[in-house]
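# A structural walkthrough
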Amino acid sequence: MDYLQLLLCAVFVRVQAPGQWARIIDLSTTAGREQSDPAKLLDSIGAIVDAVLREHGVLPGMRPVFARLRPDAVEDVAQVLRICHDLGRDSFQAILDRFAEWGQRDSSEFFTPSSIVGLVTEILLREVADSVRCHDPYLRFGEFLSGTVSAVDAVEVTGYGRHPEQLRLAAMNIAVHGADVGNLLPGDALAAGDLVARAVEADIVVSNPPFNQKTSGEWPAPEGGWPFNAPPKKNGNFAWLQHVFASLRDGGRAGVVMPNQAAVSEDKDELAIRAAMVEKGAVECVIALPPGLFAATPVPVSVWILTRREQSSEPVLLIDARAAGEKQTGKRVLREQDQRAITECYFEWRSNPAEFDSKELDQGGVAIAVSRADIKRNAYSLSPADYRAIPGAIPGDNRVPLSALCEIQAGPSNKIINNIEPVEDGIPIIAPKQLRHRRITDEHTRRIPPDVAARMGKFQLRDGDILCVRTGTPGPCAIADRGNEGMLFGTGLLRLRVHDPDSADAQYLLAFLSLPSTKTWIENKAAGTSIPSISSANLGKLLVPLPSLDEQRRIGAEVATADADIAALHKQIQAAEEKRTRAAAALFARMASSLDDHQHDAAPTDKRT
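Below: a short report on this structure. What you see is a predicted model, and the numbers here were worked out from it, not measured in a lab.

Here the focus is the overall build of the protein. Looking only at helices and strands, one finds 21 helices and 23 strands in the protein. Each principal axis of the C-alpha distribution contributes one length, and for the protein these read about 105 × 80 × 45 Å. Here the protein holds 609 residues, and the buried ones make up 50% of them. Within the protein, contacts between residues at least 6 apart in sequence are counted, and of these 74% link residues at least 24 apart. Summed over its atoms, the accessible surface of the protein is roughly 28900 Å², and 50% of this surface lies on carbon and sulfur atoms. Averaging the coordinates of the 67 positive side-chain charges in the protein and doing the same for the 79 negative ones gives two points 3 Å apart.

Printed below as a string of structure tokens:
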């Protein structure tokens, strides 16, 4: 971090104060000629940098930062300065991009990828012709505000920086692009204090706030109170969304980066806020982006486009771009053509929301205009995946939620399982990898004492129970038979137990769960986290077509017969593989023995007399 600040300060002085940069180069040349102490050179450079920062309204304080650097010789410092001598203002962003690849510690320090910045600023600022006031309540390294300064000629920027070093770098990043940074202040809108009561009234708000913050007290409400509802203590996502909304003037618009989970959270407080935002027209668009865009985390994100206007009945635009982009140097990058496709689709919708229905994008993406009535029917989900047509889905009105047909039980946590001492001869715990071809294999890797298993009755299996993988690659399922009774199912699995066998047939449900369209539905529901995972509640929402019991049993029996044939074929293949392995081993052993005999026969005899 200290070395990063040296590089950025050098570029800043080089661009903003050429005269002072010349002084630094002279000091470096003299120090090199005299082989001076590198610490003294860095102290002199720190004094000059602080003066330049102060002159441009940026928080000084670089001398103690540079004092922490420990170069071996003055030439090491001179080499850095020579590199920076040929860099311009665009290099500031390039250095920050490289820093992002080095990794950061938590979501409060993630660097916002330039592709997301470009996408949001294009959507919010393309049609802006006059001067505009832009605000970011969580500056990070100033990526978003520097993007707005680059996109529009006349921009007044305001914002808050949580940490002094981040605030300094953010101010330099924004100032180097030509904006006045006098209104960038230290602080955090969710940490209470005078910033909470400060009226902002921005034309545009852009922000990438930290995800899933917790508080031990109450989140500080913006001036005038919470626009929609008080957010829960355990998660600050909807506190940030409401602070952003409260910072807009009437007619203002915002772009906020959120974890995908915010769009589908079933927490009652978050659901109430999301519902109110939808009903009052605050949410204009949600764009689901591909995972892996952030160098330091695989967490998939969405961009929420908010607007502060009179209540509107217009549909909400939901864009599914989760498959967009390409892999570059270990991370996913949203390409220029991806950004262009999303923004053009957005402006096509914006020009006539009432006429826009849906539009396909490259790489399997789609944009859908969804009415508020449809969003309400879908528990106010703002995930585009919940509104996509699924190829092969079974139509019909007689469909029942899976939760009405089955008890759905999640497996015990890793903590519970890991605290149990395994034994060699005990009750098996079924793992996800044992679900193959709709059957539970007998490759048990972990067993626990019978008395411990008896205390875990709610995780035991019965004949006819269905197991589904819930984490990692959700969807694979299998049915238990009498040989599995009494076994336990472990972490990463969900157990489905039919409530009434006279209403629903387990083999029929297994057949439905293994349909490609059902797997796609489950994958869509599980895509909100860094490791795909579907909850019991979400799986319970799966709508199952329910014909007569006789028809269910007929379908279930036919599919079960096919599964039995598949299992028999795999046993034959396994037996053939084992036979082949034994034969190959025997042939090579015979060959080795023959070679030994041949070498023995050919060995010379001792003919001494």
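Next comes the rest of the account.
A separate point is the packing of aromatic side chains. In total, this model carries 7 aromatic pairs according to the counting rule given. Taking 5.0 Å as the distance between ring centres and 55 degrees as the angle between the ring planes, the aromatic pair formed by F228 and F245 counts as tilted. Placement of F228 in the loop between strand 4 (202-207) and helix 11 (237-246) and of F245 in helix 11 is noted, with a sequence separation of 17 residues between them. The two residues F228 and F245 agree in class, both being buried. For the ring pair Y346 and W349, a centre distance of 5.8 Å and an interplane angle of 45 degrees mean the geometry is tilted.

A side chain with one charge can pair with a side chain of the opposite charge if their charged atoms come near. Scanning the model with the defined rule gives 30 salt bridges in all. Among the salt bridges present, the one from E284 reaches R350, with a minimum N-O distance of 3.3 Å. One end of the pair, E284, is in strand 6 (residues 283-288); the other, R350, is in helix 13 (residues 336-351), and 66 residues separate them in sequence. According to the relative accessible area criterion, R350 is partly exposed, its value standing at 29%.

Here the focus is the sheet that holds strand 15 (residues 427-430). Strand order in the open sheet formed by 3 strands is 18-15-21, with mixed pairing between adjacent strands. Both edges of this open sheet fall to strand 18 (447-448) and strand 21 (488-489), since each of them pairs with a single strand only. Strand direction decides the pairing type here: strand 15 and strand 21, joined by 2 bridges, are parallel. Opposite I430, over in strand 21, you have F489 as the bridge partner.

Turning next to unusual backbone geometry. Backbone geometry at N212 places phi at a positive 55 degrees, although glycine is not the residue there. Relative to the elements of secondary structure, N212 occurs in the loop between strand 4 and helix 11. The phi angle at A379 is positive, at roughly 55 degrees, despite the residue not being glycine. Looking at where A379 falls in the secondary structure, it is placed in the loop between helix 14 (372-377) and strand 13 (399-401). Residue classification places A379 among the partly exposed residues on the basis of a relative accessible area of 33%.

To continue, consider the sheet that holds strand 14 (residues 406-410). For sheets, the rule is that strands pair by backbone hydrogen bonds, running either parallel or antiparallel. If you trace the 4 strands from one edge of the open sheet to the other, you get 14-22-19-20, paired in antiparallel fashion. This sheet does not close on itself; its edge strands, each paired only once, are strand 14 and strand 20 (477-479). When strand polarity is set aside, the average angle formed by the axes of neighbouring strands in this sheet is 20 degrees. Packed onto the sheet, helix 18 (residues 506-513) meets strand 14, strand 19 (466-469), strand 20 and strand 22 (493-498) and runs at close to 165 degrees relative to strand 20.

What counts as what
- Residues numbered from 1 in each chain as written.
- Predicted model: local features only at pLDDT ≥ 70, side-chain atom pairs only at ≥ 80, totals over all residues.
- Heavy atoms only, no water.
- Helix = DSSP H or I, 4+ residues; strand = E, 2+ residues; numbered from the N terminus.
- Buried < 20%, exposed > 50% of the residue type's maximum accessible area, 1.4 Å probe, protein only.
- Contact = heavy atoms within 4.5 Å.
- Areas by Shrake-Rupley, 256 points an atom, 1.4 Å probe, with all protein chains shown as cover.
- Lys, Arg positive; Asp, Glu negative; His and termini not counted.
- Charge placed at Lys NZ, Arg CZ, Asp CG, Glu CD.
- Phe/Tyr/Trp six-rings, centres within 6.5 Å; stacked < 30°, edge-to-face > 60°.
- Salt bridge = Lys/Arg side-chain N within 4 Å of Asp/Glu carboxyl O.
- Pairing = 2+ DSSP bridges.
- Axes fitted to C-alpha atoms, helices over the stretch in contact; angles between N-to-C directions.

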